[in-house]
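Chain by chain, the residues run as shown.
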Number of protein chains: 2
Amino acid sequence: MDKVKVIEIKKSVFADNDRDADSLRSELKSKGVYLLNLMSSPGSGKTTTLIRTINLLKDKLRIAVMEADIDSDVDAVKIKEATGIQSIQLHTGGMCHLDAEMTRQGLDNVMLEGVDLVILENVGNLVCPAEFDTGAVRNAMILSVPEGDDKPLKYPLMFSVCDLVIINKMDVLPYFNFDLEKCKEYVKMRNPRARVIPICALNGEGVEAFADWLLEEVTNWKQ
Amino acid sequence: MDKVKVIEIKKSVFADNDRDADSLRSELKSKGVYLLNLMSSPGSGKTTTLIRTINLLKDKLRIAVMEADIDSDVDAVKIKEATGIQSIQLHTGGMCHLDAEMTRQGLDNVMLEGVDLVILENVGNLVCPAEFDTGAVRNAMILSVPEGDDKPLKYPLMFSVCDLVIINKMDVLPYFNFDLEKCKEYVKMRNPRARVIPICALNGEGVEAFADWLLEEVTNWKQ
């Protein structure tokens, strides 16, 4: 297995996370680096989605990934092996989310020179990560079909802070009681501006729409 | 829809959660009430599993359910309608877990007279709920097949605090890359004493084994 850098990040010392997040965003803007915060439940397919997306975009953008996990470095290794891009692992030491200062500690360990896009794969959790602005330009989340179409009702904050909701594992739709139209309605209740993109990360269907959204986002940010 | 009691619980004022949990457990022991803390990711099928299990046990035990949710009362209503048992909803006000004091606030609203078993359906989250002893006699968790067999590697604490791991959605095993034997090994790495029970809550397969485990647990506790 490839070796990846593993960073043990520590709890934030800053009291005002929102201010710190804004200042991180300004720094990134001045460096021309776009940061995406990607959230989801455990097992929704974040890593597989990222590998597909990075392979579609890596000739157009220089990309780095930060994988946050309580323990283990399997995701960072998987991404490095499958895409060849810069990939580091952030250990949160049991913490259930990342805030702006923790994200900054991660970014300090990324070689940002020439990088256009950094994707932060947040801890698998629909509750706590939604409460902390990481300093990312946008929040996106992945909901997978087996989790159920009612999740926007049960985890309102997560869906209201996300500008993009990816619905993954569309290939198993026939085996689950999941109503895509109803789910889209629920997402709109939480955030009328949110874009919904159904995909199947396993076979790649729909991933191009996510890659296109990301490319346009990064291009606009760098102007 | 049936009306269910909705309780807004507040953050704990106790500094020492472990001591408070032990004292809650002693009180429950003296009343002959068994408390099970059931945890999982969002969408793993906790509510469906509970409905099946309660319907198998309700002639043998008097059961009450406390459903913890950030928002909404859909789960408590669903359980009340499907089983007829006492079911209350705990609103955590954005909190991502329950501690012993919050559990006690819930129990204060349950009519415990004659009740043998209270099941606490914790907030859907594999991280934070594992860190707080609720005062339950046992912790159990549900992992569903679509989430992946590697979850014990990624959420070590959750699996080490649970004495029972239910593997749900076994009916969709053919459509996912999930190795049951590998998963059992990973669970054992985290907790060698943990029992693993594969089920399909949707069609009821395997649920009897969970009901039997629970009946034996409650019987022993009340001796």
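Further up the page is the structure itself.
Draft legend 1. Expanded view of the interface of chain A and chain B. Taken together, the 29 residues of chain A in the interface contact 29 residues of chain B. Counting the surface lost from both chain A and chain B, the interface buries some 2,300 Å², and carbon and sulfur atoms represent 61% of this. When the shortest N-O distance is used, the salt bridge between Asp75 of chain B and Lys154 of chain A registers 2.7 Å. The interface formed by chain A and chain B holds seven residue pairs in polar contact (both at pLDDT 80 or more) in total. For the side of chain A that touches chain B, the elements supplying multiple residues, two or more each, are α3 (74-83) and α5 (151-154) of chain A. Here the side of chain A that touches chain B takes three residues from α5 of chain A, the largest share from any one element.

Draft legend 2. Highlighting the side chain of Asp116 of chain A. Residue and element names in this part refer to chain A. Summarising the element assignment, Asp116 is placed in the loop between α4 (100-107) and β5 (117-121). Within polar-contact distance, the side chain of Asp116 engages the backbone nitrogen of Arg62 at 2.6 Å. Discounting residues that sit within four places of it in the chain, Asp116 has contacts with Gly32, Val33, Tyr34, Leu61, Arg62, Val218 and Lys222.

Draft legend 3. Structural detail: helix α3 (residues 74-83) of chain B. Within α3 of chain B, the full set of buried residues consists of Asp75, Ala76, Val77, Ile79 and Thr83 of chain B. On its buried side, α3 of chain B packs onto α5 of chain A together with α2 (46-57), β3 (63-69), β4 (86-91) and β5 (117-121) of chain B. Two residues or fewer after α3 of chain B comes Gly84 of chain B, characterised by a positive phi angle close to 80°.

Draft legend 4. Layout of the relation of the copies chain A and chain B. Under the fitted operation, chain A is carried onto chain B by 0.0 Å of movement along the axis and a turn of 180°, and the coordinates agree to an RMSD of 0.0 Å. Seen this way, the second copy is the image of the first under a two-fold rotation axis. Taking C-alpha positions as reference, the residue of chain A nearest the rotation axis is Asn125 of chain A, located at 3.0 Å. When the interface residues of chain A are mapped onto chain B, 100% of them again lie at the interface, so the same face is used by both copies.

Draft legend 5. The environment of Leu126 of chain B, seen in detail. Within the secondary structure layout, Leu126 of chain B lies in the loop between β5 and β6 (138-144). Excluding anything up to four places from it in sequence, Leu126 of chain B contacts Pro42 of chain A together with Ser40, Ser41, Met141, Glu147, Tyr155 and Met158 of chain B.

Draft legend 6. Structural detail: the state of the cysteines. In the structure shown here, the tally under the stated rule is zero disulfides over all chains. Cys96 of chain A takes part in no disulfide bond, and the closest cysteine sulfur to it belongs to Cys128 of chain B, at a distance of 3.4 Å. Taking relative accessible area as the criterion, Cys96 of chain A reaches 12% and is therefore assigned buried. Unpaired in terms of disulfides, Cys162 of chain B finds its nearest cysteine sulfur in Cys183 of chain B, a separation of 13 Å.

The rules behind each value
Residues numbered from 1 in each chain as written. Chains lettered and ligands numbered in written order. Predicted model: local features only at pLDDT ≥ 70, side-chain atom pairs only at ≥ 80, totals over all residues. Heavy atoms only, no water. Contact = heavy atoms within 4.5 Å. Buried area = accessible area lost by both parts, 1.4 Å probe. Salt bridge = Lys/Arg side-chain N within 4 Å of Asp/Glu carboxyl O. Polar contact = N/O pair within 3.5 Å; in protein donor to acceptor, adjacent residues only side chain to side chain. Helix = DSSP H or I, 4+ residues; strand = E, 2+ residues; numbered from the N terminus. Buried < 20%, exposed > 50% of the residue type's maximum accessible area, 1.4 Å probe, protein only. Least-squares fit on C-alpha atoms with pLDDT ≥ 70 in both. Disulfide = S-S within 2.5 Å.

Geometry only, nothing functional implied.
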